[in-house]
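# Close look at the chain arrangement
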Amino acid sequence: MKRSFAMKKKCILLLCIAAAALCLCSCAKDQDGGHGTASDGQIRYRYVREALSLPVSGTYLAIYDITACDDQFFIFCGTMDDNDDDMVQHNFVMDISGNLLTEYPTLSSTDDSFIGFPIDYCLTKNGELITLERKTGYDRVDGVIQPNWDDTGSTIAVREDDGQITVEYPIDSRLKEPWQIECRGEQICICADQSLAVYDLSGALLFFYESKGRIDSACFRADGAVAVLESGDEYAIGEPTGQRLLKIDAEGQTAEEFMPLAGNVVKLISGAECAFYIDNGSALLGVDGDSRETFEILNWTVSGVNGVNAAVQSLSGGRFLYYDAYTAFLLKPSSVPYDQMVTLKLGTMDAYSVADIAAGFNASSERIQIEVVDYSQYDSADGSTTGLDRLELDILSGNGPDIYDLLTLPRKQYEKAGRLADLYPFMEKDDTLKNVELLPELLTQTETEGKLYTLIPAYGILTLTGDPDIIGTDAPLTLTEMLSLYDKMGEGENPFGIAMSKKDYIDAMVSLSNTVFVDWENRSCSFDSDQFAALLEFAASLPDTGDTSDQINMVYTGKQLLSLREIFNIYDLVAFNYYFHGNMMLYGIPSAEKGGTAIKPYAALGISVDCKDKEGAWSFIRTFLYDQYQTKLAGRALPATKTGFDSIINDYMAWVSAGGRMHTIDPFGNDVTIQETDGRIADRLRNAINSVSCVYDNNTALTDLIWKEAQPFFAGSKTAAQTADIIQSKTAIYIAEQT
């Protein structure tokens with residue numbers, strides 16, 4: 001769903017931050033924290049992120065402006081939920097701990113002559129809000145306000161806690177279209193494109209400066225003077241002269257060039273740790289007021305933060321507030337020295353589900369850093385070597401990952417081989433999870449002999465779906481019942497139509513943690529059964545290559561009785577149910593030992609028994625159980641915690657209450673609207689989770705072995721029973737080797 005937000009002119013819509021491993025540096029002399037000594041002799045400090053919890057809620061957040069003073073922030077933002085038509089505006093002051101101090105109902109104003117609204121903000125040390133106001137005259141035409149843009153002016157306004165203006169001062173008319181207000185101590189600075197003025201708190205003009213070029217940025221220095229970034233006026237002198245940095249002393253009535261600039265400067269930022277800061281687009285530099293030298297504080301390029309349009313506020317203790325259009329967080333000096341940091345390797349065959357989480361973790365973790373190693377890069381073009389081969393070599397050589405992404409790895413195989421650590425001891429003593437409740441059905445299916453080797457924090461439901469009026473039986477569907485569906489089909493037809501290939505069918509029936517064919521707990525198998533022979537005969541009737549392009553049509557018209565579906569969000573069920581004419585049943589996976597549905601992991605993580613810092617590895621894995629992750633999964637996967645699941649159900653029921661309409665296309669290409677009026681779909685999702693009886697495991701070695709040995713049967717040179725006996729012999733050896 002696309003949303004558009006009207007941003008004020010000053011606040012450019014920034015790119016959403018996708019942080020890489022955050023390694024921000026500082027050379028400030030009087031800070032403590034994680035550091036190392038650079039080749040130039042300066043001490044470099046690492047900065048880490050700390051979350052800033054805003055006292056507002058909503059599915060969508062748009063931050064328009066933030067201004068800070070002494071660890072208090074004024075924030076102008078908007079929020080919106082899925083079912084809202086408009087943004088809800090918020091204006092408030094909060095402290096650095098997330099406590100709401102003052103909430104303003106509105107900051108716009110109208111009197112008999114003017115419409116007023118703030119265009120910039122600043123806070124005083126006592127938390128008083130001062131705004132730069134734009135005043136526009138208006139006329140009433142037939143009771144409707146018509147702005148008169150030719151009658152426009154600006155003022156300085158001091159506001160009470162209810163948002164009302166208590167004192168308002170006019171601004172010197174020489175300030176044409178002012179756009180920035182800064183305050184410090186007893187002074188206020190107003191910037192316009194080509195001029196700048198300094199006032200006291202009573203509104204008296206202390207100093208006025210007219211630029212021959214233009215004013216790009218200004219801020220108060222630690223000594224009370226004003227630092228001004230000025231650039232040449234190409235219209236006045238023929239070509240740009242670059243930029244220069246001025247020092248304006250309102251009390252001494254002086255304006256002088258302060259220091260030469262080595263390169264382009266984007267903006268100036270007030271601060272207490274040094275005279276002021278310079279943002280040059282690639283780094284934040286501190287300025288020493290005495291030596292007039294600069295030193296690097298934060299490197300935007302290294303950090304992955306988009307510093308070009310960065311909105312940064314300096315705080316106490318060497319910290320900074322950074323915000324963009326969608327998020328805000330603190331940057332603080334790390335307390336952990338570089339030589340005490342630990343880097344853990346996370347091995348994966350597909351970094352999609354873990355890379356962003358690892359980057360976010362690295363940005364906020366002081367001691368542990370996660371290095372994601374995507375082993376799929378070692379897959380050769382001719383298939384002679386694979387990333388799994390390289391992973392095995394790394395493990396055998398003692399260079400294996402500290403953390404496994406088990407989404408694309410044989411989970412059960414790794415568990416039985418003793419490669420994974422039990423996660424329960426870490427979970428039980430973790431105070432950060434004391435209020436986290438996991439869905440018991442998921443834990444039951446991921447446990448092995450009372451231990452939890454794999455955490456599956458996000459998943460989908462794998463199940464066969466069908467119309468019970470046609471299938472003729474309720475769920476769960478047994479293997480015998482599935483195989484007997486051939487009796488309902490015409491010549492050359494099968495229950496899956498052309499959507500399911502032979503190999504996909506075998507994979508779906510076999511790649512489960514608990515099946516009627518493999519008992520991983522006892523390391524045994526029973527592929528020499530009549531059931532498996534019948535399954536092979538069923539597979540023989542399926543096409544060599546599946547074609548799902550016409551599956552919706554075939555399901556809708558009854559030509560395809562069963563469809564294998566992956567349900568990763570509740571709205572999948574709404575659409576699937578429509579194509580079954582509102583009479584869909586979830587039949588589970590027939591080969592599962594107890595029937596029922598299967599968990600299809602979206603993320604699956606485990607800690608290696610050889611991990612060099614298991615506590616550190618757990619500090620990363622547990623973040624997948626936090627509300628920040630679990631409640632943001634909607635549309636991508638189902639959550640593993642009760643809080644996350646409840647948020648999905650609540651959002652769905654709110655959608656139903658708002659009309660429950662979904663626009664889609666029917667099998668014939670016509671636009672249709674599906675409407676849900678009750679909670680039946682939510683109940684089906686609950687039942688699907690309650691009936692899980694196994695986990696889909698990506699054991700390609702096992703399925704490839706079965707597929708290879710089944711080829712003579714598909715070619716007609718062996719019977720199903722003979723093939724089943726051969727597969728039993730080969731798989732029994734393979735399973736025994738995994739101990």
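See above for the structure.
Rules used in this analysis
Residues numbered from 1 in each chain as written. Predicted model: local features only at pLDDT ≥ 70, side-chain atom pairs only at ≥ 80, totals over all residues. Heavy atoms only, no water. Buried < 20%, exposed > 50% of the residue type's maximum accessible area, 1.4 Å probe, protein only. Helix = DSSP H or I, 4+ residues; strand = E, 2+ residues; numbered from the N terminus. Pairing = 2+ DSSP bridges. Polar contact = N/O pair within 3.5 Å; in protein donor to acceptor, adjacent residues only side chain to side chain. Contact = heavy atoms within 4.5 Å. Core = buried A, V, L, I, M, F, W, Y, C linked by side-chain atoms within 4.5 Å. Salt bridge = Lys/Arg side-chain N within 4 Å of Asp/Glu carboxyl O. Axes fitted to C-alpha atoms, helices over the stretch in contact; angles between N-to-C directions.

What follows concerns the pairing of strand S22 (residues 276–279). Burial along S22 is two-sided: Phe276 and Ile278 and Tyr277 and Asp279, pointing in opposite directions, are all buried. When strand S21 (residues 267–269) meets S22, the two strands line up antiparallel, connected through three bridges. Within S22, the position partnered with leucine 268 by the bridge is isoleucine 278. The hairpin turn running from S21 into S22, its antiparallel successor, is six residues long. Note: S22 against strand S23 (residues 283–287), four bridges, orientation antiparallel. Following the sheet pairing, isoleucine 278 is matched in S23 by leucine 285. Joining the antiparallel neighbours S22 and S23 is a turn of three residues, in which glycine 281 adopts a positive phi near 95 degrees.

Let's shift gears to the side chain of asparagine 494. Positionally, asparagine 494 belongs in the loop between helix H9 (479–483) and helix H10 (502–510). For asparagine 494, a relative accessible area of 5% puts it in the buried group. Among the polar contacts listed, one links the side chain of asparagine 494 to the backbone oxygen of glycine 497, at a separation of 2.8 Å. Look past the residues within four positions of asparagine 494 in its chain and what remains in contact with it is Tyr486, Met489, Ser541, Leu542, Pro543 and Lys559.

Formed by 84 residues in total, the largest nonpolar core has its most connected members in Ile370, Met427, Tyr459 and Phe620. Looking at this core element by element, the count peaks at seven residues for helix H13 (residues 570–579). Those residues in contact with methionine 427 that lie beyond four places of it in its chain are Leu433, Leu438, Leu452, Leu455, Trp618 and Leu625. Listed in part, the 46 residues of the second largest apolar core include Met482, Phe496, Ala720 and Ile727.

What the rule picks out here adds up to 27 salt bridges. With a closest N to O distance of 3.2 Å, glutamate 168 and lysine 135 form a salt bridge. Placement of glutamate 168 in strand S12 (residues 165–170) and of lysine 135 in strand S10 (residues 129–141) is noted, with a sequence separation of 33 residues between them. A residue is classified by how much of its surface remains accessible, and glutamate 168, at 32% relative accessible area, is partly exposed.

This part covers the sheet that holds S23. Reading across the sheet, the four strands line up as S21-S22-S23-S24 and stay open at both edges, with antiparallel pairing between neighbours. Strands with a single pairing partner mark the edges of an open sheet, and in this sheet they are S21 and strand S24 (294–299). Shown here is a sheet whose adjacent strand axes are inclined to one another by a mean of 30 degrees, direction ignored.

Within the open sheet, the four strands sit side by side as S4-S5-S6-S7. Their pairing is antiparallel. Since the sheet does not close on itself, it has two edges, and those belong to strand S4 (60–69) and strand S7 (100–104), each with one partner. Neighbour to neighbour, the strand axes of the sheet diverge by 25 degrees on average, direction disregarded. Alignment of strand S5 (residues 72–80) against strand S6 (residues 88–95), held across eight bridges, turns out to be antiparallel. Within S6, the position partnered with glutamine 72 by the bridge is aspartate 95.

With that out of the way, let us pick up the environment of leucine 285. Within the element layout of this structure, leucine 285 appears in strand S23. Counting along the chain gives 155 residues from leucine 285 to isoleucine 130, while the straight-line C-alpha distance between them is 28 Å. Ignoring any residue separated from it by four or fewer positions in sequence, one finds leucine 285 in contact with Phe276, Tyr277, Ile278, Asn280, Thr294, Phe295, Glu296 and Ile297.

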